[in-house]
Amino acid sequence: MALPRALLCCLLSVFCLGPGFGLPLASPGSRTPPPAVGQFWHVTDLHLDPTYHITDDHTKVCSSSKGANASNPGPFGDVLCDSPYQLILSVFDFIKNSGQETSFMIWTGDSPPHVPVLELSTDTVISVIANMTTTVQSLFPNLQVFPALGNHDYWPQDQLPVVTSKVYNAVANLWKPWLNEEAISTLKKGGFYSQKITTNSSLRIISLNTNLYYGPNIVTLNKTDPANQFEWLEKTLNSSRENKEKVYLIAHVPVGYLPFSRSTTAMREYYNEKLIDIFRKYSDVIAGQFYGHTHRDSVMVLSDKNGSPVSSLFVAPAVTPVKSVSEKQTNNPGVRLFQYDTQNFQLLDMWQYYLNLTEANLKGESNWKLEYSLTQAYDIEDLQPKSLYSLAKQFAVLDSKQFIKYYNYFFVSYDSSTICDKECKALQICAIMNLDHISYIDCLKQFYIQYNKII
């Protein structure tokens, strides 16, 4: 399968399709937020597979299935494949025609597909990122977008470097319409940057390159501060504090523990502990944290060393529906909209939208729908750390109906019959409420004592 040729076809098609490619959905009640409320979109893990095509030989539908039989391929994809271009266009068309007024968009990485290393190259990875960037810029010419690099936005994957590189230089050039000179400069050096939003100079976006801390990245082994990003982050946060700015922190690989794997941090434990210390220190500045990478929908609440909740973290589900042959569960494609107070930048609500992939393929049209509003689904006041902490306490109750709902949303309503047993629930709850090693291990011990198990 020829990736570069397929890429060119994808890139050209965005200019040939008019509005209405997807089916827009009005917001709940079609209400217009009051002037004091701002909004922004969060999209992540597009994972374009340019080789995707419908064919009778299901082993050749897409490179990302790695030779496995695609289960039920249709125009918007298959669960054993990464995103066809038509799926990606449908989500951006939905956003464009949603009727929502937004200040900006955050895009937390991973444009290339999950394929064997030898099927990609540096130039191909850059071409895929350029394709996605051009798609976004052509559909949203007046919207400020803040991207973050993902572990697949490099070749070989995961090996993002601590110095300038061809990929860092390429994305810096591609993203110039969105970023200022200072942001472009640090992006070229280490894949990270910060910048204030154009609509309100009191809000700064910090885009971290957490791929430097990712376990498979052998480039950063035994480095205490890869690319001096920790030092830069502290200086940036301290400056924001002095200038009375608030910060939204975005990145691809999240901090904390994976909610589906026992005692496993998403990044190397040393780096996780370091970031947690920084986030606690500047919790008065950081008004929200936003990640991707896991392809699942989850929340986390960072507490200080006294156990008081101080920061809200949100991991967004992927656009790609891909899973491996061995996995039973995957996610429906998702995208989300956040609401925030334009005075203090506190997060007020989040609306999660999704595409029922099976239904879309059967009907041959994309009907993106509201899956849930976070405050309405769980009857909480807002998205502040105290509200999420209280919600997590409700999740921990035996036979919690709130948790059953949360676990269904975790997979973006892919299969509501899925059961999360006691072990599964312990991992989920401890990952939500405990981001550092000591508190996480203590949480697991408490759960195992509760369920009469030995850790």
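Here, residues in each chain are numbered from 1, in the same order as that chain's written sequence. In keeping with the model being predicted, local features are shown solely for residues with a pLDDT of at least 70 and side-chain atom pairs are shown and tallied solely at 80 or more, while totals for entire chains, interfaces and linings include all residues. Computation of side-chain values covers all heavy atoms of the structure but excludes hydrogens and water.

Note that predicted coordinates carrying low pLDDT should not be read in detail. With 91% of its residues at a pLDDT of 70 or more, the protein chain shows a mean pLDDT of 93. Note: pLDDT gives the predictor's confidence per residue, expressed from 0 to 100. Here a residue-residue contact requires only that any non-hydrogen atoms of the pair lie within 4.5 Å. Contacts for the low-pLDDT stretch residues 11-26, under 50 throughout, to residues beyond four places or in other chains number 40 contacts.

The biggest cluster of nonpolar side chains holds 138 residues, and the ones touching the most others in it are Phe92, Phe104, Leu233, Tyr248, Phe279 and Leu374. Excluding its chain neighbours within four sequence positions, the residues that come into contact with leucine 374 are Val299, Phe314, Asp349, Met350, Ile380, Leu383 and Leu388. Remark: nonpolar core denotes a set of buried residues (Ala, Val, Leu, Ile, Met, Phe, Trp, Tyr, Cys) joined through side-chain atoms within 4.5 Å. Note on exposure labels: buried denotes an accessible area under 20% of the residue type's maximum, exposed denotes more than 50%, and partly exposed covers the range between, all computed with a 1.4 Å probe on protein chains only.

Before going further, it helps to spend a moment on the environment of glycine 191. Mapped onto the fold, glycine 191 is located in the loop between helix 5 (181-190) and strand 4 (193-197). Overall, glycine 191 belongs to the buried group, its relative accessible area being 2%. Through-space distance from the C-alpha of glycine 191 to that of tyrosine 282 is 22 Å; in sequence the pair is 91 residues apart. In this structure glycine 191 touches Leu149, Tyr168, Thr186 and Asn209, once residues within four positions along its chain are discounted. Strands here mean DSSP runs of E at least two residues long; helices mean DSSP runs of H or I at least four residues long; both are numbered from the N terminus.

Residue position: glutamine 229 is located in helix 6 (residues 229-242). Apart from residues lying up to four places away in sequence, glutamine 229 is in contact with Phe192, Leu208, Asn209, Leu212 and Tyr213. What qualifies as a polar contact is a pair of N or O atoms within 3.5 Å, subject to a donor-acceptor requirement within protein and to the restriction that residues adjacent in sequence count only when both atoms come from side chains. A distance of 2.7 Å separates the side chain of glutamine 229 from the backbone nitrogen of asparagine 209, its partner in a polar contact.

Below, the discussion takes up the sheet that holds strand 7 (residues 286-291). Reading across from one edge, 4-5-6-7-9-8 is the order of the six strands in this open sheet, with mixed pairing throughout. In the strand order of this sheet, the two ends are held by strand 4 and strand 8 (298-303), each with one partner. Taken over all neighbouring pairs, the strand axes of this sheet differ in orientation by 25° on average, direction set aside. Paired strands, in this sense, are two strands between which DSSP finds at least two bridges. Pairing analysis gives three bridges linking strand 7 to strand 9 (residues 309-315), with the strands arranged parallel. In this analysis, axes come from line fits to C-alpha atoms, helices being fitted only over the stretch in contact, and the angle between any two N-to-C directions falls in the range 0 to 180 degrees.

A grouping of Ile218, Val219 and Leu221 is seen on the molecular surface, where their side chains present a nonpolar patch of about 270 Å² in accessible area. Checked against the element boundaries, leucine 221 lands in the loop between strand 5 (200-207) and helix 6. Excluding any residue in a salt bridge, patches collect residues exceeding 30% relative accessible area, merging like charges within 9 Å and nonpolar Val, Leu, Ile, Met, Phe, Trp and Tyr side chains within 5 Å. For accessible areas, the Shrake-Rupley method is used with a probe of radius 1.4 Å. Any residue's cover is judged against the shown protein chains and nothing else. A carboxyl oxygen of Asp or Glu within 4 Å of a side-chain nitrogen of Lys or Arg is what we treat as a salt bridge.

Before going further, it helps to spend a moment on the packing of aromatic side chains. Note on ring pairs: Phe, Tyr and Trp rings are taken, using the six-membered ring of Trp, and paired if centres are within 6.5 Å. Classes follow the plane angle, with under 30 degrees stacked, over 60 edge-to-face and the rest tilted. Going through the model one piece at a time under the given rule, you end up with 38 aromatic pairs. Ring plane angle 70° and centroid distance 5.3 Å describe the contact between phenylalanine 314 and phenylalanine 338, whose orientation is recorded as edge-to-face. Within this pair, whereas phenylalanine 314 is found in strand 9, its partner phenylalanine 338 is found in strand 10 (residues 334-341), the two being separated by 24 residues in sequence. By relative accessible area, phenylalanine 314 is classed as buried at 0%.

Any cysteine sulfur atom paired with another within 2.5 Å is treated as part of a disulfide. Under the criterion given, the structure shown has three disulfides. The residue that forms a disulfide with cysteine 62 is cysteine 81, at a sulfur-sulfur distance of 2.0 Å. Because the sign of the S-S torsion sets the handedness, a value of about -80° for the bond joining cysteine 62 and cysteine 81 places this disulfide among the left-handed ones. Of the two residues, cysteine 62 is situated in the loop between strand 1 (37-43) and helix 2 (85-96) and cysteine 81 in the loop between strand 1 and helix 2; the sequence distance between them amounts to 19 residues. With relative accessibility at 2%, the residue cysteine 62 sits in the buried group. Between the sulfur atoms of cysteine 430 and its disulfide mate cysteine 443 the distance is 2.1 Å. In this structure the cystine formed by cysteine 430 and cysteine 443 twists about its S-S bond by roughly -85°; its chirality is therefore left-handed.

The description of two packed helices rests on the angle between their axes and on the distance between the axes. The contact between helix 4 (residues 166-174) and helix 5 brings their axes to 7 Å, and the two run at 160°. Accordingly, the angle class assigned to the pair helix 4 and helix 5 is roughly antiparallel. The handedness of the crossing between helix 4 and helix 5 comes out as right-handed. Residues Tyr168, Asn169, Val171, Ala172 and Asn173 of helix 4 pack against Ile184, Leu187, Lys188, Lys189 and Gly190 of helix 5. In these notes the angle categories are as follows: under 35 degrees is roughly parallel, over 145 is roughly antiparallel, 65 to 115 is roughly perpendicular, and the rest is oblique. Handedness of each helix crossing follows the sense of rotation of the near helix against the far helix: counterclockwise by less than a right angle gives left-handed, clockwise gives right-handed.

Quick look at helix 12 (residues 422-433) now. For helix 12, built from 12 residues, the straight-helix expectation of 16 Å at 1.5 Å per residue is met to within 8% by its first-to-last C-alpha distance of 17 Å. Counting buried positions along helix 12 gives 10 out of 12 residues, so the element sits mostly inside the fold. Along helix 12, the positions that sit buried rather than exposed are Cys424, Lys425, Ala426, Leu427, Gln428, Ile429, Cys430, Ala431, Ile432 and Met433. Structurally, helix 12 contributes buried residues whose contacts are with strand 8, helix 10 (385-396), helix 11 (401-410) and helix 13 (437-450). Working rule for helices: expected span equals 1.5 Å times residues minus one.

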